[in-house]
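# Examination of the molecular architecture
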Amino acid sequence: MKKQHEQFEIETLKLIKNKLDYIYSIAKSYNNDNRELMGTIESLASVANMFAKIKLEELNGKEQTSGPQGFIVSKLGNVYSNLKEYEKQKQEIDFPDWKL
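A quick note: this is a predicted structure, and the numbers were derived from the prediction, not measured.

Turning next to the overall build of the chain. Looking only at helices and strands, one finds 3 helices and 0 strands in the chain. In the chain, the succession of helices and strands from N to C terminus is α-α-α. The buried share among the 100 residues of the chain stands at 19%. Long-range pairs, those at least 24 residues apart, make up 57% of the contacts in the chain with a sequence separation of at least 6.

Below is the structure:
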């Protein structure tokens with residue numbers, strides 16, 4: 001059986017993970033400036049970082065992280081709920097009900 005070509009390189013994933021750590025730390029540091037926005041950025045950086053971490057473990061042949069799917073689903077669930085609520089608020093403000 002022919003092995004598929006790997007689409008990720010270890011060094012590139014390390015750089016990606018490093019950038020995501022930085023994004024996460026900035027969002028965490030400035031959480032008080034805009035709590036909803038920074039919380040969303042923080043959560044999305046956490047999710048992307050988890051994906052990068054799992055892929056790095058896979059490429060290195062060392063799967064150590066337990067329960068990554070639950071972590072990702074939980075973080076994305078929170079982001080999704082917050083953005084749906086934001087969208088709902090924007091629609092109510094920007095587009096009032098039309099009445100005849």
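Further remarks concern the side chain of K55. Positionally, K55 belongs in helix 2 (residues 35-60). A residue is classified by how much of its surface remains accessible, and K55, at 17% relative accessible area, is buried. A polar contact of 2.7 Å, which involves the side chain of K55, links it to the side chain of E58. Excluding anything up to four places from it in sequence, K55 contacts E6, F8 and L13.

On the surface, Y22, I23, I26, Y30, L37 and I41 cluster together to form a nonpolar patch covering roughly 540 Å² of accessible area. At the level of secondary structure, the elements contributing two or more residues to the nonpolar patch comprise helix 1 (10-29) and helix 2. Top element by residues in the nonpolar patch is helix 1. It accounts for 3 residues. Residue classification places L37 among the partly exposed positions, given a relative accessible area of 43%.

Another point: the side chain of S43. Relative to the helices and strands, S43 resides in helix 2. Overall, S43 belongs to the buried group, its relative accessible area being 12%. When near neighbours in sequence (up to four residues on either side) are disregarded, S43 contacts K75 and V79.

The subject of this paragraph is the environment of L56. Along the polypeptide, L56 turns up in helix 2. Under the relative-accessibility criterion, L56 is labelled buried at 10%. Along the backbone, L56 and E11 are 45 residues apart, and their C-alpha atoms lie at a distance of 9.2 Å. Setting aside residues no more than four positions away along its own chain, L56 makes contact with I10, L13, K14 and K17.

On to the pattern of salt bridges, then. Side chains that carry opposite charge are capable of pairing whenever their charged atoms lie near each other. Tallying each qualifying case throughout the model produces 4 salt bridges. E42 is the salt-bridge partner of K28, the closest N and O atoms lying 3.4 Å from each other. Of this pair, K28 sits in helix 1 while E42 sits in helix 2; the two residues are 14 residues apart in sequence, bridging distant segments of the chain. Under the relative-accessibility criterion, K28 is labelled partly exposed at 46%. Among the residues examined, E42 registers a relative accessible area of 10% and is labelled buried. Measuring nitrogen to oxygen at the nearest pair gives 3.5 Å for the salt bridge that ties K84 to E87. With K84 and E87 both in helix 3 (residues 68-94), this residue pair falls 3 residues apart, about one helical turn.

Procedures and definitions
- Residues numbered from 1 in each chain as written.
- Predicted model: local features only at pLDDT ≥ 70, side-chain atom pairs only at ≥ 80, totals over all residues.
- Heavy atoms only, no water.
- Helix = DSSP H or I, 4+ residues; strand = E, 2+ residues; numbered from the N terminus.
- Buried < 20%, exposed > 50% of the residue type's maximum accessible area, 1.4 Å probe, protein only.
- Contact = heavy atoms within 4.5 Å.
- Polar contact = N/O pair within 3.5 Å; in protein donor to acceptor, adjacent residues only side chain to side chain.
- Patch = residues over 30% accessible without salt bridge, like charges linked within 9 Å, V, L, I, M, F, W, Y side chains within 5 Å.
- Areas by Shrake-Rupley, 256 points an atom, 1.4 Å probe, with all protein chains shown as cover.
- Salt bridge = Lys/Arg side-chain N within 4 Å of Asp/Glu carboxyl O.

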